[in-house]
Amino acid sequence: MDPTSLEVEDLRQGDICMIDVFPLWNDAEASRIITGTKISGLQLSVWENISIAAKDATKVLVAVCSYDCDLENPRSRWGVALAPLVPLASRHRDYADLLASGAPIDDDDAIAFKFLNSYPYAENPLFVNSKGESTAGMVDFSAILHMGKAKEAIDSLRSRVVFRLDDEQRTNFQMKLAMFMARF
Amino acid sequence: MMKVLQKSGAFVAASALVMATTPAVVADESYESNDTHSLYLPASFSSSASKFNIANFAGTISAAAGQETPMVQAAGDDYDFGDPEPVRMNRAFVMQLVNARVKDSGFSSTEA
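Residues numbered from 1 in each chain as written. Chains lettered and ligands numbered in written order. Predicted model: local features only at pLDDT ≥ 70, side-chain atom pairs only at ≥ 80, totals over all residues. Heavy atoms only, no water.

Draft legend 1. Region of interest: the sheet that holds strand β9 (residues 105–107) of chain A. Taken together, the 3 strands give an open sheet; going across it, the order is β9(A)-β10(A)-β4(B), and neighbouring strands pair in antiparallel fashion. The sheet is open, and its two borders are formed by β9 of chain A together with β4 (87–90) of chain B, each paired with just one other strand. On average, adjacent strands in this sheet sit at an angle of 25° to one another, irrespective of strand direction. In terms of strand pairing, strand β10 (residues 110–113) of chain A meets β4 of chain B through 4 bridges, oriented antiparallel. Bridge pairing links phenylalanine 113 of chain A to valine 87 of chain B in β4 of chain B. (Pairing = 2+ DSSP bridges. Helix = DSSP H or I, 4+ residues; strand = E, 2+ residues; numbered from the N terminus. Axes fitted to C-alpha atoms, helices over the stretch in contact; angles between N-to-C directions.)

Draft legend 2. Region of the structure containing unusual backbone geometry. All names here are of chain A. Here the amide bond leading from glycine 148 into lysine 149 is cis, since omega sits at -10°, within 30 degrees of zero. Inspection of the secondary structure assignment puts lysine 149 in the loop between β13 (145–148) and α3 (150–158). You will see that serine 76, though not glycine, has its phi angle at about 65°, which is positive. By the element assignment, serine 76 lies in the loop between α1 (68–72) and β8 (79–88). On the accessibility criterion, serine 76 (68% relative accessible area) is exposed. (Buried < 20%, exposed > 50% of the residue type's maximum accessible area, 1.4 Å probe, protein only.)

Draft legend 3. Region of interest: helix α4 (residues 167–182) of chain A. Residues and elements named next belong to chain A. Spanning 16 residues, α4 covers 22 Å between terminal C-alpha atoms, matching the ideal 22 Å at 1.5 Å per step. Considered for burial, the residues of α4 that qualify are Arg170, Asn172, Phe173, Gln174, Met175, Lys176, Leu177, Ala178, Met179, Phe180 and Ala182. Where α4 starts, the residue carrying a side-chain oxygen 3.2 Å from the main-chain nitrogen of glutamate 168 turns out to be aspartate 166. (Expected span 1.5 Å × (residues − 1). Polar contact = N/O pair within 3.5 Å; in protein donor to acceptor, adjacent residues only side chain to side chain.)

Draft legend 4. Fine view of the environment of alanine 182 of chain A. Mapping alanine 182 of chain A onto the fold places it in helix α4. Setting aside residues no more than four positions away along its own chain, alanine 182 of chain A makes contact with Met89, Phe93 and Leu97 of chain B. (Contact = heavy atoms within 4.5 Å.)

Draft legend 5. Highlighting the pattern of salt bridges. All names here are of chain A. The final tally for this structure, using the stated rule, is 10 salt bridges over all chains. Measuring nitrogen to oxygen at the nearest pair gives 3.2 Å for the salt bridge that ties lysine 151 to aspartate 155. Here lysine 151 pairs with aspartate 155, and both are found in helix α3, just 4 residues apart, close to one helical turn. Take aspartate 155: its relative accessible area is 32%, and that puts it in the partly exposed class. A salt bridge links aspartate 155 to arginine 158; the nearest nitrogen and oxygen atoms lie 3.1 Å apart. Taken together, the positions of aspartate 155 and arginine 158, both in helix α3 and 3 residues apart, correspond to about one turn of that helix. (Salt bridge = Lys/Arg side-chain N within 4 Å of Asp/Glu carboxyl O.)

Written as structure tokens, this is what we have:
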């Protein structure tokens, strides 16, 4: 167990974890590593604009986006879906609306969310920006990538949880992500 | 001897990573080539202590010309977090999406 992380028994959706680096898969700029005639790898850039763990400035923060049942049952799953926690500056023009966008807007038979492709985390001394300042953050669902393999990644991430949503927030996270993925 | 072709600055990051994780690496200055975009590594190059899988590195790295820098994400003040207009979806459908996952997976919460 990393001494700077929470002591949790299991990994949950919405958990904020610290990892070494989050890749940026920009296909137009990803160099191909060619062995013979076969592409055997990609050289990816990394996210620069990502929140940093206050307790370990060498680590960046990501949110677990896989659903709890997938985390409990990694069998036949390739990996764990992660998205970057992007710092939300208090000067951002939509700061208040963004922070409030994690709660659904009740509308009779409908559920509605603003800023559907991201989920907010309030300012927290555990999250810092590149200047070392405490910051709020937005998880950008549009940047989800998988870390594999599932079981190994779950075991590793479980020891790196630095923040956990409460049950109501986690339900909102689930609904917003489900709507983000299911629009048509 | 492994030969790694460099066609853009993109490779700089990769080479920096390799150098950082394998401090024993030194350039083989005895190798002569007219290819100014190539980096030659000695045959003794080892990946045993590296996070970078050198087995995948024994070839050519190619990149599109003119793409010297990685994509830059907007700074915090300007980051585009999406559309402030609310997106609505039928409540029953959303709850079906959220709740159906365990049923559809066929797993119970205790199954390993």
